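Residue-level listing of the chains:
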Amino acid sequence: MELFAKLFSSLLVFVYHCFDRIVINGYLSGLSRPDQVVYFFRNVIGVPVVDKDVLSRRTNEYRNWVEAFARNHKTPMEWAEKGVRKEEYVQPFLRRMERAGQFGVYFIFQSMEQGPTFRCSMPKFPTQDPNHRILAQQRSRFKHYYFYLRDQTLGPMVMRVASFFPFQTTYYLNGHSFIEQELNRTKIGFRKNDNAFLAVDDVTALQSAADRLTGKVIGERLDYWTLLLGPKFSKRERGAMNLHRFYAVHQIEYSRNFIFKRHFPIHRIFERSCEIGLWRLTAHKISEIFGNRVTKKLKGKLNTTLEQVEHGHHIFRAYFKHAFVKQYEKFSTFLRNEICSNNLSDFKLKKGLEHLSAVRERFLEITDRFATFQAQSLNVHVEFPLLQRLALPIPVGTAKFPGIKIHDTRMIRLMEVLLHGGTTVGGWTAKQIHAAILTSFQVTAARYGLNQLRYDLRKMKAHGLMERDGKRYAYRLTDKGTKVALTFVLFHQRLCGPLANSLFHHQPNAGAKPKSKLEDAYHKADASIRNVIQLLEAA
């Protein structure tokens with residue numbers, strides 16, 4: 001992280017790190033095993049035979065309750081259609097609740113999915129107990145309910161409840177939604193797009209809000225919504241058995257976010273870094289980033305990939321066991337390093353919510369090491385559309401000046417003369433520049449007049465390449481103008497011109513070339529261009 005800050009500190013607006021997507025499973029600790037279920041129905045409920053009808057009765061009771069809840073609260077409840085993104089479909093309902101300043105359930109989806117449940121069967125052979133039934137765990141396909149809700153602490157979240165015993169629950173929440181609620185509560189201004197903060201009035205307050213997301217805060221809100229929307233148990237049933245939910249992290253993401261200034265070409269730099277990172281991020285480097293050693297007993301993935309989400313936008317991933325780190329850019333100023341884990345035991349971490357602080361510390365170290373490695377890949381040369389920008393016309397007041405083309409011979413001659421402006425301390429007058437051009441390039445005054453020069457000078461001044469020396473009618477190149485002039489002149493004299501000469505006019509003999517690194521580069525470029533021409537002809 002220190003290297004990243006050293007290389008890009010002047011280009012960064014701010015940096016923050018937080019939990020992103022979190023998926024949590026909720027288990028009924030007292031009803032997770034078959035023997036516990038039998039004890040619950042026989043000893044607590046008083047049902048002698050635990051068969052399919054008994055389990056189905058609890059399922060039907062909960063389904064009827066959900067339908068009544070949706071009907072009484074006028075909450076839309078629909079079946080999830082194939083190919084429809086649930087989050088996008090329910091967005092209008094969420095916006096309506098946000099405008100009204102309300103909290104609660106705003107939509108319910110029904111979906112047929114695989115989930116854990118129990119199977120009841122008769123014993124194969126007679127037993128001493130006529131009420132004995134074999135209860136075994138299995139996975140089957142049955143109805144699940146998705147409650148889309150807006151919480152006053154965690155923000156928008158989703159709670160999935162299985163309608164079959166033991167009613168396993170799954171919670172989907174996002175750390176950025178929690179931060180948004182905290183910033184709104186403290187009345188701190190910010191600009192948020194999707195799950196990313198692009199601007200904020202107080203960066204310290206933003207990071208403090210992110211650090212306040214703890215396992216205790218999440219557990220309290222999950223307990224509230226589980227009691228409200230989950231299957232119902234009486235006070236006597238709760239007193240007889242431990243029916244409290246145990247929450248375990250199923251999937252978790254932790255992100256380190258870098259917001260750059262608008263003029264920084266993060267998209268092109270990220271594309272270039274992906275090319276380098278695919279080759280440099282070897283298996284040993286990946287293990288160093290994740291803080292583990294590569295051994296023969298290592299199981300799982302250990303590789304890098306570059307995935308295209310949509311045209312022009314990619315995600316760079318490095319996989320380790322059941323986890324991966326990824327890097328991507330969006331919104332033209334936003335770069336994210338993120339670690340995602342599908343099994344916390346890969347890092348020797350526990351899944352309980354009470355251990356969320358240990359997860360934060362470990363993942364923060366991994367994203368730090370990944371940022372340090374990627375800083376070198378991001379510190380590269382990339383394309384900048386200088387020629388395209390200069391070729392566009394530019395308005396100055398009510399006037400509009402044409403662009404400067406790289407093939408314009410008049411402009412190339414003018415720039416070459418102005419590059420020798422160091423010999424004139426007070427700048428060049430128009431007449432001095434005109435005389436220097438006529439002498440240097442053997443051009444007549446009739447072919448290139450003084451008025452034509454003045455027009456070219458105004459055009460360069462409009463593009464910010466030239467400035468006057470105070471109130472005098474003397475001109476000198478600006479800092480930008482010096483760089484542009486060098487680029488134009490060297491392109492013609494040291495790059496395009498020599499290569500074009502060897503292709504179309506005369507190619508120097510490679511066997512008698514002088515000892516010059518520049519000539520060696522020219523000959524290599526000639527050979528590469530001719531190889532490409534031969535390949536195209538063969539095709």
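None of these values were measured; they are calculated from a predicted model.

## Remarks on the side chain of Thr367
Working step 1: Among the structural elements, Thr367 can be located in helix α12 (residues 356-378).
Working step 2: The residues contacting Thr367, other than those within four sequence positions of it, are Tyr254, Arg256, Asn337 and Ile339.

## As for the state of the cysteines
Working step 1: Under the defined criterion, the tally for this structure stands at 0 disulfides.
Working step 2: For the unlinked cysteine Cys18, the closest cysteine sulfur is that of Cys340, found at 14 Å.
Working step 3: Take Cys18: its relative accessible area is 2%, and that puts it in the buried class.
Working step 4: Residue Cys340 is classed as buried on the basis of its relative accessible area of 2%.

## Here we look at the side chain of Glu113
Working step 1: Here Glu113 is to be found in strand β3 (residues 104-121).
Working step 2: A polar contact of 2.7 Å, which involves the side chain of Glu113, links it to the side chain of Tyr146.
Working step 3: There is a polar contact of 2.7 Å between the side chain of Glu113 and the side chain of Arg160.
Working step 4: Ignoring anything within four residues of it in the chain, the contact list for Glu113 reads Ser140, Arg141, Phe142, His144, Tyr146 and Arg160.

## So, the packing of helix α10 (residues 266-280) against α12
Working step 1: In contact at an axis separation of 8 Å, α10 and α12 are set at 115° when each is read in the N-to-C sense. The two elements α10 and α12 cross, and the hand of that crossing is right-handed. Residues Ile269, Phe270, Ser273, Ile276, Gly277 and Arg280 of α10 form the contact with α12, whose participating residues are Phe373, Gln376, Ser377 and Leu378.

## Here's the deal with a nonpolar patch on the surface
Working step 1: Together, Leu278, Trp279 and Leu306 make up a nonpolar patch on the protein surface, roughly 350 Å² of accessible area in all.
Working step 2: Following the sequence through the fold, Leu306 ends up in strand β10 (residues 301-310).

## With respect to helix α16 (residues 450-462)
Working step 1: Across its 13 residues, α16 extends 18 Å between first and last C-alpha, which sits within 8% of the 18 Å expected from 1.5 Å per residue.
Working step 2: Those residues of α16 lying buried are Leu453, Asp456, Leu457, Lys459, Met460 and Ala462.
Working step 3: Considering only its buried residues, α16 is in contact with β14 (394-396), β15 (399-401), α14 (409-418), α15 (430-441), β17 (466-468) and β18 (474-477).
Working step 4: Looking at the residues trailing α16, positive phi occurs at Gly464, about 75°.

Calculation notes
- Residues numbered from 1 in each chain as written.
- Predicted model: local features only at pLDDT ≥ 70, side-chain atom pairs only at ≥ 80, totals over all residues.
- Heavy atoms only, no water.
- Helix = DSSP H or I, 4+ residues; strand = E, 2+ residues; numbered from the N terminus.
- Contact = heavy atoms within 4.5 Å.
- Disulfide = S-S within 2.5 Å.
- Buried < 20%, exposed > 50% of the residue type's maximum accessible area, 1.4 Å probe, protein only.
- Polar contact = N/O pair within 3.5 Å; in protein donor to acceptor, adjacent residues only side chain to side chain.
- Axes fitted to C-alpha atoms, helices over the stretch in contact; angles between N-to-C directions.
- Left-handed = near helix turned anticlockwise from the far one by under 90°.
- Patch = residues over 30% accessible without salt bridge, like charges linked within 9 Å, V, L, I, M, F, W, Y side chains within 5 Å.
- Areas by Shrake-Rupley, 256 points an atom, 1.4 Å probe, with all protein chains shown as cover.
- Salt bridge = Lys/Arg side-chain N within 4 Å of Asp/Glu carboxyl O.
- Expected span 1.5 Å × (residues − 1).

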